[in-house]
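# Secondary and tertiary structure notes
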Amino acid sequence: MKGQSVNLCPMCSGKKKDGTATFTVDLKDTVVVVRDVPASVCSLCGNEWINDDVAEDLEAIIDDAKKRQHVVEVTRFRKTA
Ligand SMILES: [Zn+2]
């Protein structure tokens, strides 16, 4: 966390709020859907940002989901480190 609680959206200058987002990653054999990902969400245009820690966890979750080789893998965000 880098203490960026009051942030403006670079797209529309709207206010970013802490919230959660759903990320969908389309790999070749699997579509991975990760819900409840902590993110900053713009209250005006709906753009989402995640911090580096969250991105790392997200990557590990996606790697893990890949190994299951389901056509669609729906999972929830969790800390992996
Ligand atoms: Zn915006």
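Use the structure listed above.
Below or above, wherever it landed, is the structure these notes cover. Please read all numbers here as calculations on a predicted model, not as lab measurements.

## Concerning the environment of valine 54
- Here valine 54 is to be found in helix H1 (residues 52-68).
- Contact partners of valine 54, with chain neighbours within four places excluded, come to Val37, Pro38 and Phe77.

## Concerning the nonpolar core
- One finds Val32, Val34, Val37, Val54, Leu58, Ile61, Ile62, Ala65 and Phe77 forming the largest nonpolar core, which totals 9 residues.
- Among the elements of the structure, strand S2 (31-42) and H1 are those that each provide at least two residues to this core.
- Looking at this core, the element that brings in the most residues is H1, giving 5 residues.
- Sequence-distant contacts of isoleucine 61, that is, excluding residues within four places in its chain, are made with Val34, Thr75, Arg76, Phe77, Arg78 and Thr80.

## So, the packing of aromatic side chains
- Counting across every chain of the model gives 0 aromatic pairs.
- For the cation-ring pair, lysine 16 lies above tryptophan 49, with the distance from its terminal atom to the ring centre recorded as 4.1 Å.

## Some remarks on a nonpolar patch on the surface
- There is a patch of nonpolar side chains on the surface, built from Val71, Val72 and Val74 and spanning about 290 Å² of accessible area.
- Locating valine 74 in the fold gives a position in strand S4 (residues 72-76).
- Given the relative accessible area of 52%, valine 74 is considered exposed.

## Comments concerning the coordination of the zinc ion
- Binding of the zinc ion to the protein goes through Cys9 (SG), Cys12 (SG), Cys42 (SG) and Cys45 (SG), at separations of 2.2 to 2.4 Å.
- Around the zinc ion sit 4 donor atoms, and with donor-metal-donor angles ranging over 102 to 116° the site reads as tetrahedral.
- A relative accessible area of 3% means that cysteine 9 is categorised as buried.
- Note on cysteine 45: relative accessible area 38%, which makes it partly exposed.

Cut-offs used in this document
Starting afresh in each chain, residues are numbered from 1 along the sequence in its written order. Local features in a predicted model are, by the rule used here, given only for residues with pLDDT of at least 70; side-chain atom pairs are given and counted only at 80 or more, and totals for whole chains, interfaces and linings are based on all residues. Water and hydrogen atoms play no part in the side-chain values, which are based on all heavy atoms of the structure. In DSSP terms, a helix is any run of H or I states spanning at least four residues, a strand is any run of E spanning at least two, and both are numbered starting from the N terminus. Here, two residues are considered to be in contact whenever any of their heavy atoms come within 4.5 Å of each other. Joining through side-chain atoms within 4.5 Å is the link that ties buried Ala, Val, Leu, Ile, Met, Phe, Trp, Tyr and Cys residues into a set, and such a set is a nonpolar core. For each residue, the accessible area found with a 1.4 Å probe, counting protein chains only, is set against the maximum for its type, and the residue is called buried under 20%, exposed over 50%, and partly exposed in between. Planes of paired rings set the category: under 30 degrees apart is stacked, over 60 is edge-to-face and the rest tilted, where pairs are Phe, Tyr or Trp rings (Trp by its six-membered ring) whose centres lie within 6.5 Å. Think of it as a cone above the ring: NZ of Lys or CZ of Arg counts as a charge over the ring if it is within 6 Å of the ring centre and within 35 degrees of the ring normal. Patches were defined on residues exceeding 30% relative accessible area and lacking a salt bridge, with like-charge contacts within 9 Å and nonpolar side-chain contacts (Val, Leu, Ile, Met, Phe, Trp, Tyr) within 5 Å. Using a 1.4 Å probe, the Shrake-Rupley method yields the accessible areas, and only the shown protein chains count as cover for residues. Any carboxyl oxygen of Asp or Glu within 4 Å of a side-chain nitrogen of Lys or Arg constitutes a salt bridge here. Here the term donor refers to an N, O or S atom within 2.8 Å of the metal (or 3.2 Å for Na, K and Ca), and because water is left out of the atoms, sites may appear incomplete. Key to geometry: four donors with every angle between 85 and 135 degrees are tetrahedral; four donors are square planar and six octahedral where opposite donors lie over 155 degrees apart and all remaining angles lie between 65 and 115; all other sites are irregular.

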